[in-house]
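# Structural characterization, general
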Amino acid sequence: VNHKELFLCCSASDACQQFIANSRRCGVPVFGLPAALATGDRLSRTACHAVVDRVTAALQTDPRVILSVGLPPVSDRAVAGRLSAHLAKFTAEVLRASPVDHVYAEGGETAAALLTEMGWERLLVKRELAPGVATLRPVGVRTQLTIKPGSYLWPGSVSQVLARRRQQTQAR
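Small disclaimer: the values here were computed from a predicted structure and weren't measured.

## Some words on the pairing of strand β5 (residues 123–130)
- Where β5 and strand β6 (residues 133–138) come together, 6 bridges link them in antiparallel fashion. Of the residues in β6, the one forming a bridge with Leu 124 is Arg 137.
- In textbook terms, the turn of a hairpin is the stretch between consecutive antiparallel strands, and for β5 and β6 this stretch comprises 2 residues, one of which, Gly 132, has a positive phi near 85°.

Given below as C-alpha cells:
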C-alpha cells in the first residue's frame, strides 16, 4: 500500500524550519508559496495551478511531500496573516486533485483554515500522539488530519520516518 502524506508547514519557529531542512536533506520534496504572496499581490489561476500541479506530481512518486510558506519573513502584518489561508487554499486544491491518506498541519491557524477550506465541520479524534498533538478524521472522509502547535516538535513516531528515509537514501 502506497501511503501518501502531506505536511503543511506555516510556522516560522525553529522547530518547523529544522523539520523542513531535515526533510529536504532526506529527499522529501518541499514546495513553497509563490513569492508574489509575500508582497500581497493576487495570484492568477495559472500561478496557483502551477504550484498545485507540482505538489500533485510529487505525490505520485513520493510518499511524503511538504507544502510550506517558504517565503522570507513578511513585515506587513495583514499580508503575513493571510499566508496560512493561502496555504490552506493550495492544500485544498491538492487534496481535490490527488488522494492523500494523511495531512499533518503545523499551526492552529493553518489547521483551522484548512478545515474551513475543505468544509470539514465534524471530526473524530483517532489518537493523541503527544500532548497537544492529535490525529483526527473528518466525518465521511478517508483522509486523516494530525494537528500540532507550530512551536512544538513533531513527535518521534512522525520524525522516525525521516531517519528510515535517510538510511534508505544512504544505502543507494
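## Structural notes on the sheet that holds β6
- Taken together, 7 strands build an open sheet; the order of strands is β2-β3-β1-β4-β7-β6-β5 and the sheet is mixed. The two strands at the open ends of the sheet, each matched to only one other strand, are β2 (30–32) and β5. Across the sheet, the mean angle from the axis of one strand to that of its neighbour is 20°, orientation sign disregarded.
- Sheet strands in contact with helix α3 (residues 77–97) are β1 (5–9), β3 (64–68) and β4 (102–106), and its direction is about 170° off that of β1.
- Each of β1, β4, β5 and β7 (144–148) touches helix α4 (residues 108–118); the most contacted strand, β7, lies at about 150° to it.

## Some words on the layout of surface pockets
- Looking at the largest pocket, its volume works out to about 400 Å³.
- Along the wall of the largest pocket there are 18 residues; nearest its centre are Leu 43, Cys 48, His 86, Lys 89 and Phe 90.
- Among the secondary structure elements, those contributing two or more residues to the lining of the largest pocket are α2 (45–61) and α3.
- Within the lining of the largest pocket, the residues separate by chemical class into 6 nonpolar, 4 polar and 8 charged.
- Roughly 330 Å³ of internal volume is contained in the second largest pocket.
- Along its surface, the second largest pocket is lined by 20 residues, and Ser 11, Ala 12, Gln 17, Val 69 and Leu 71 are the ones closest to its centre.
- Put simply, the parts of the chain that give the lining of the second largest pocket at least two residues each are α1 (14–25), β2 and α3.
- When residues of the lining of the second largest pocket are assigned to their parent elements, the largest contribution, 4 residues, is made by α1.
- A breakdown of the residues in the lining of the second largest pocket according to their chemical character gives 14 nonpolar, 5 polar and 1 charged.

How each quantity is defined
- Residues numbered from 1 in each chain as written.
- Predicted model: local features only at pLDDT ≥ 70, side-chain atom pairs only at ≥ 80, totals over all residues.
- Heavy atoms only, no water.
- Pairing = 2+ DSSP bridges.
- Helix = DSSP H or I, 4+ residues; strand = E, 2+ residues; numbered from the N terminus.
- Axes fitted to C-alpha atoms, helices over the stretch in contact; angles between N-to-C directions.
- Contact = heavy atoms within 4.5 Å.
- 1 Å grid on protein atoms, 1.4 Å probe; cavity = no way out; pocket = protein on both sides within 12 Å on 5 of 7 lines; lining within 4 Å.
- Points joined across faces, edges and corners; volume = space filled by probe spheres on them.
- Nonpolar A, V, L, I, M, F, W, Y, C, P; charged D, E, K, R; others polar.

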